[in-house]
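A look at the structure
One-letter residues, chain by chain:
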Amino acid sequence: NIVNECSYADHDEALRNFQLNEKLVRKLMWQRDRRRLGICFVILLIPLGIGLGIFFSPKRDTRDNIHVRNEDGNLSYTFIPSNTTLTAKKDAPSRPVPSAPKLEFDSDAFDATATHTMTLSDVTSVVNRVTPDPKVLSDASSPQSLAVEWLNNDVKIHKFDVEERVAQRYALATLYYATNGTGWVDNTNWGNGHECKWHGVGCDEDDDGRVAVTYIDLNSNGLVGQIPQEIGHVHSLTQIMMWGNSLHGPIPSSLSRLTQLHTLYLDKNELDGELADTLDSLTNLKHLDLSDNMFRGHIPHGIGNLLALRDMRLSNNFFSGSFPVSIISLSNLETLLINNNSIGGTMPSLLGKMKSLITIRVHDNDMKGKIPSFESAGSLEEIHLDSNFFTGNIPDIYSKRLRDLYLGNNALTGEIPNSVGLNENLEILSAQANKLSGTIASSISKLSALQVLDLSYNELSGLISDELSYLPELSEIRLNHN
């Protein structure tokens, strides 16, 4: 058609012009298609770049997110800039580690004092009392059956003068088989000779001169499995330390029988279930550590029965429900660590009047309401109430020993009270990510031991006092986002 409409007389010239036009059209089409391809490439490159940026960006810890509350109390999130981090926390205070009893005795001579040899019938009677469930004993592969088989052979070698010793040997053997004793890091002497010579087992003499197992220390020893119910029949136990293993399942209810127990360390395992009333009767318990497990449910009210308790550590679990008010009954309590759970409710006002408290860590929970006054708790050295939903003003908090005060990531309002300057040994004052207003309390400039001051992400105003620059120990100050 193009050729027919040309005005050229010469056919060859018309054809040549047609070819030139065709070449030009193709060039224009290529330029159009190249622009389209470029646009498509850019469109694809943008999400790819975003995705790669997210993938290769530094991973944030959950505590890198400061949470702030709206006026209605709902939670919204404000991310801290990458060049700003939350105030670092010190390690939890070290816990007391009891030493093993130093009992020296001749195990062969002890066995020789027996008045009679236990028969297999006697052994069966003891076993049935300790393990009353016949289904468990009828299972040839159960830890209990394996322990019975060992005990039947063992009784032919050793003499016993009391049934309690048969029960404790059977209970310890059950623990061995229930937690893969052959795979322990150290199982020296287990199953051979006197039980007081087995690795991690300690003994002491009772008032009648009888030797009994009082101490089990198998921490970080490769235990895998469940703690058997039979362990509750070693009635003389005063200390159980099996932290840092791979124990799972619930705490056996038979532990309630161990009324002489004063130390129970089962932290850093995979234990789960609810505590129920298992611990309520352990009235001599002084040191309890169940942290870093998977316990759930509420902290039982009966915890208030443990009047001898000095050290309670339940952090890093899945506890929920309200703050256990019965804790205020523990007049000897020095360390309370229940942080990193899902505990809600309000904090009892009497908690601030517990004169024995030295450390309280309740951070990273779901607690709400007002913070009680701590002006009467003169022994306090650490208060960690951050990352909750506390509201209202900062109360009067005073202790000559107070070193660390963490109030950040809440919904606190009002001004910083001047009473904070009375804590002359305060080293860390962290109250970031609240809704604090007014000026920075002038009394803060009197805290000569202060090392870290974090009041960022608030609504503070006014001038910064020059006196802060004269604090001799101050190494870190954060006042951004005010």
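All chains use their own residue numbering, which begins from 1 and follows the written sequence. The predicted origin of the model limits local features to residues at a pLDDT of at least 70 and limits the giving and counting of side-chain atom pairs to 80 or more, whereas totals for whole chains, interfaces and linings rest on all residues. Hydrogens are left out, water is left out, and the side-chain values use all remaining heavy atoms of the structure.

**Topic: the overall build of the chain**
- Runs of E in the DSSP output that reach at least two residues are strands. Runs of H or I that reach at least four are helices, and both are numbered from the N terminus. Along the chain, the regular secondary structure elements total seven helices and 25 strands.
- Burial classification: accessible surface area is computed with a 1.4 Å probe over protein chains only, and a residue below 20% of its type maximum counts as buried, one above 50% as exposed, and the rest as partly exposed. Split into buried and exposed, the 482 residues of the chain put 47% on the buried side.
- When the accessible surface of the chain is split by element, carbon and sulfur atoms take 52% of a total near 24100 Å². Residue burial considers only the protein chains on display, and all accessible areas are found by Shrake-Rupley using a 1.4 Å probe.

**Details of the sheet that holds strand 20 (residues 411-414)**
- Criterion used throughout: strands pair if DSSP finds at least two bridges between them. As summarised here, the arrangement of the five strands in space is 16-18-20-22-24, forming an open sheet in which the pairing is parallel. Of all strands in the sheet, those with a lone pairing partner are strand 16 (368-370) and strand 24 (459-460), marking the two edges.
- When strand 18 (residues 389-392) meets strand 20, the two strands line up parallel, connected through two bridges. Each bridged residue has a counterpart across the sheet, and for threonine 391 the counterpart in strand 20 is alanine 411.

**Structural notes on the packing of helix 4 (residues 120-130) against helix 7 (residues 163-178)**
- Angles run from 0 to 180 degrees between N-to-C directions of axes, and those axes are lines fitted to C-alpha atoms, restricted for helices to the stretch in contact. Interaxial distance between helix 4 and helix 7 falls to 10 Å at its minimum, and their mutual angle equals 60 degrees. One finds that helix 4 runs oblique with respect to helix 7. Taken as a pair, helix 4 and helix 7 cross one another with a handedness that is right-handed. Of helix 7, the residues touching helix 4 (which contributes Val126, Val127, Arg129 and Val130) are Glu163, Val166, Ala167 and Tyr170.
- For this classification, the nonpolar set comprises Ala, Val, Leu, Ile, Met, Phe, Trp, Tyr, Cys and Pro, the charged set comprises Asp, Glu, Lys and Arg, and every other residue, Gly included, is treated as polar. Its residues assigned to classes, the contact of helix 4 with helix 7 comprises six nonpolar, no polar and two charged. Any angle from 65 to 115 degrees is called roughly perpendicular, while one under 35 is roughly parallel, one over 145 is roughly antiparallel, and all others are oblique. Left-handed describes a crossing whose near helix is turned anticlockwise from the far helix through less than a right angle; right-handed describes the clockwise counterpart. Contacts between residues were defined by any pair of non-hydrogen atoms, one from each residue, lying within 4.5 Å.

**Some thoughts on helix 7**
- Given a rise of 1.5 Å per residue, 16 residues ought to cover 22 Å, and the 22 Å separating the end C-alpha atoms of helix 7 matches this to within 8%.
- The element helix 7 is largely enclosed, with a buried count of 13 among its 16 residues. In a helix, the anticipated span is given by 1.5 Å times the number of residues less one.

**Some remarks on helix 4**
- Where helix 4 is concerned, the buried positions are Val123, Val126, Val127 and Val130. Along the long axis of helix 4, the arc covered by the buried residues comes to 100 degrees, so they all point the same way.
- Its buried side turned inward, helix 4 meets helix 5 (134-138), helix 6 (143-154) and helix 7. The reported arc concerns the directions from the helix axis to the C-beta atoms and nothing else.

**Notes on the environment of leucine 436**
- Structurally, leucine 436 can be placed in strand 22 (residues 435-438).
- Assessed through its relative accessible area of 0%, leucine 436 is described here as buried.
- Sequence spacing of leucine 436 and glycine 392 is 44 residues, and the spatial spacing of their C-alpha atoms is 9.8 Å.
- Apart from residues no more than four positions distant in its own chain, leucine 436 is found in contact with Ile394, Leu412, Thr413, Gly414, Ile416, Ala431, Asn458, Glu459 and Leu460.

**Focus on the nonpolar core**
- In this description, a nonpolar core means a group of buried Ala, Val, Leu, Ile, Met, Phe, Trp, Tyr and Cys residues linked to one another through side-chain atoms lying within 4.5 Å. Counting 98 residues, the largest nonpolar core has Met242, Leu288 and Ile444 as the members making the most contacts within it.
- Of all the secondary structure elements, the ones that give two or more residues to this core are helix 4, helix 6, helix 7, strand 3 (201-205) and strand 4 (211-217).
- Of the residues forming this core, the biggest block, eight residues, is contributed by helix 7.
- Beyond its immediate chain neighbours, meaning those up to four positions away, leucine 288 contacts Leu264, Tyr265, Leu279, Ile303, Leu309, Asp311, Met312, Arg313 and Leu314.

**What to know about the sheet that holds strand 7 (residues 246-249)**
- Strand order in this open sheet of five strands is 5-7-9-11-13, and the pairing throughout is parallel. One side of each edge strand has no neighbouring strand; the edge strands of this open sheet are strand 5 (224-225) and strand 13 (318-320).
- With two bridges connecting them, strand 9 (residues 270-273) and strand 11 (residues 294-298) associate as parallel partners. Note that in strand 11 the partner of aspartate 272 across the bridge is methionine 294.

**Observations concerning the pairing of strand 3**
- Sheet topology note: the strand 3/strand 4 ladder contains five bridges and is antiparallel. Bridged to glutamate 205 within strand 4 is valine 211.
- Following strand 3, the chain reverses through five residues before pairing antiparallel with strand 4; glycine 209 in that reversal takes a positive phi of roughly 80 degrees.

**Digging into unusual backbone geometry**
- In this model, asparagine 189 sits at a positive phi of 70 degrees, which is unusual for a non-glycine residue.
- Along the polypeptide, asparagine 189 turns up in the loop between helix 7 and strand 3.
- Phi angles above zero are rare outside glycine, and asparagine 316 is one such case at about 55 degrees.
- With respect to the helices and strands, the residue asparagine 316 is situated in the loop between strand 12 (311-313) and strand 13.
- With a relative accessible area of 32%, asparagine 316 lands in the partly exposed category.

**Description of the pattern of salt bridges**
- The salt bridge criterion pairs a side-chain nitrogen of Lys or Arg with a carboxyl oxygen of Asp or Glu, the two atoms within 4 Å. Using the criterion set out here, one finds twelve salt bridges in the structure.
- A salt bridge links glutamate 195 to arginine 165, with the shortest nitrogen-to-oxygen separation between them at 3.0 Å. Of the two residues, glutamate 195 sits in the loop between helix 7 and strand 3 while arginine 165 sits in helix 7, which places them 30 residues apart along the sequence. Neither glutamate 195 nor arginine 165 differs from the other in exposure class; each is buried.
- Here arginine 478 and glutamate 476 are joined by a salt bridge, their closest N and O atoms 2.2 Å apart.

**Digging into the state of the cysteines**
- Note on terminology: disulfide denotes any pair of cysteine sulfur atoms within 2.5 Å. One pass over the structure, following the stated rule, counts one disulfide.
- Paired by a disulfide, cysteine 196 and cysteine 203 hold their sulfur atoms 1.8 Å apart. For the disulfide bridge between cysteine 196 and cysteine 203, the dihedral angle about the S-S bond is near -95 degrees, and by the sign convention the bridge is left-handed. We note that cysteine 196, like cysteine 203, is buried.

**Some details on the environment of leucine 279**
- Along the polypeptide, leucine 279 turns up in the loop between strand 9 and strand 10 (287-289).
- Note on leucine 279: relative accessible area 3%, which makes it buried.
- Between the C-alpha atoms of leucine 279 and glycine 302, which are 23 residues apart in sequence, the distance is 7.7 Å.
- Discounting residues that sit within four places of it in the chain, leucine 279 has contacts with Leu264, Leu288, Leu290 and Leu306.

**Let's talk about the packing of aromatic side chains**
- Only the six-membered ring of Trp is used, alongside the rings of Phe and Tyr, when aromatic pairs are assigned; centres must lie within 6.5 Å, and planes under 30 degrees apart are stacked while those over 60 apart are edge-to-face, with the rest tilted. Summed over the entire model, instances satisfying the criterion amount to seven aromatic pairs.
- Taking 6.0 Å as the distance between ring centres and 70 degrees as the angle between the ring planes, the aromatic pair formed by tryptophan 150 and tryptophan 198 counts as edge-to-face. On the criterion of sequence distance, the pair formed by tryptophan 150 in helix 6 and tryptophan 198 in the loop between helix 7 and strand 3 is long-range, its members being 48 residues apart.
- For the pair tryptophan 190 and tryptophan 198, a centre-to-centre distance of 4.9 Å together with 35 degrees between the ring planes defines the contact as tilted.
- We classify tryptophan 198 as buried; its relative accessible area is 2%.
- By the ring-pair criterion, three or more aromatic residues cluster together here, those being Trp150, Tyr176, Tyr177, Trp184, Trp190 and Trp198.
- When the NZ atom of lysine or the CZ atom of arginine is within 6 Å of a ring's centre and also within 35 degrees of its normal, the charge is said to sit over that ring. Between arginine 95 and the ring centre of tyrosine 265, over which it is positioned, the NZ or CZ distance is 4.1 Å.

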